[in-house]
Each structure stands twice: as structure tokens, then as C-alpha cells.
Amino acid sequence: FNKTSLKLETSEDLSGVCIAGVLKNIYALAIGAIEGAGFSETAVKAMMRICLDEMLRVGVRLGVKAETIKGTAGREDFLVTATSKFSQNRNVGADLGLHGDTELKSEGLVSLEAIADRLGPAGDFPVLFALVGVVRHTLKPREAFKGMLE
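Residues numbered from 1 in each chain as written. Predicted model: local features only at pLDDT ≥ 70, side-chain atom pairs only at ≥ 80, totals over all residues. Heavy atoms only, no water.

Draft legend 1. Broad picture of helix 4 (residues 72-83). In a regular helix each residue adds 1.5 Å, so 12 residues correspond to 16 Å; helix 4 covers 15 Å between its end C-alpha atoms and thus fits that length. Among the residues of helix 4, G74, F78, T81 and A82 are the ones counted as buried. Viewed along the axis of helix 4, the buried residues span an arc of 90 degrees, placing them on a single side of the element. Contact partners of the buried residues in helix 4: helix 1 (14-36), helix 2 (41-61), helix 3 (66-70) and helix 5 (88-99). (Helix = DSSP H or I, 4+ residues; strand = E, 2+ residues; numbered from the N terminus. Expected span 1.5 Å × (residues − 1). Buried < 20%, exposed > 50% of the residue type's maximum accessible area, 1.4 Å probe, protein only. Arc of directions from axis to C-beta. Contact = heavy atoms within 4.5 Å.)

This is the structure in C-alpha cells:
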């Protein structure tokens, strides 16, 4: 590993690292959905901040240490996954935002409802539950996120 840009970190919060990985995929899906629904670049960037805040609250509710969500396994991985044109989660979200449905699959899409079921009331986590509404076809993508971006 002498001449590599690979960054290795250790953590005592093993389950937290796993949950952070699931959450960053779900929130990257949301960013893709915002883009696919035709929101402005400024709105997408604003939603990234909202997603980071909500990811922390969801993680803590699920027993993840805050520093795990704020570190490489959470925030840093989310920023890469949500902004990369090669991200399956972002691309599936974009398809979902554009069409209101998708035949594509991703880790975030597969795990979304399981995480939502563990959280309880939707009011505490508006981005995640807006995404659930889009997936369940009870909300159109643009209306699901519009209120959070005004």
C-alpha cells in the first residue's frame, strides 16, 4: 500500500459501519430521484445537506454511533455515492425520479422499506419516507420532495 490513495480506517462500531453503508445507499437514491424529477442543481445540493442531517438522525435512532455516520462509512461514502455518475443507487434514483417507477435494482432500493419499517413515525425522517412514498406510488417524485426544498 505504499503508493496508493486507499484510505483505511478501523472502527469499534462494526454494526454501525454496516448500517451507515445501507443508509448512504438510500440517501444516494434520494439524490438521484431529486435530479431525475428535474430539480435545479442548487436544490440537489441543498437536499444533500438535508440528507446528511437526516442520515445522522436515522443512524442514531438505529443505534449507530454519531462519529460513524459523520466519518468515512457514512458522510464521506454518501458524498461519493450521491455524486458519481457511476453510482447504481444514484442512477436508479434518477430513473425513479424521472419515471415515478423503475425496473432497475440497487442496494438502496432493496433496503429502503426494511429500514423504514424499523424507524416508526414518518415525520422524523421526511426524505426517507418521501422516497418510500415514491416507491409505493403514493407520491409523485416532484411532489414528494418539493416541500423540503422551498
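Let's pick the thread back up.
Draft legend 2. Region of the structure containing the side chain of E54. Along the chain, E54 falls in helix 2. A polar atom in the side chain of E54 sits 2.9 Å from the backbone nitrogen of V127. Here L128 takes part through its backbone nitrogen, which lies 2.8 Å from a polar atom of the side chain of E54. Setting aside chain neighbours within four positions, we find E54 in contact with Y27, F125, P126, V127 and L128. (Polar contact = N/O pair within 3.5 Å; in protein donor to acceptor, adjacent residues only side chain to side chain.)

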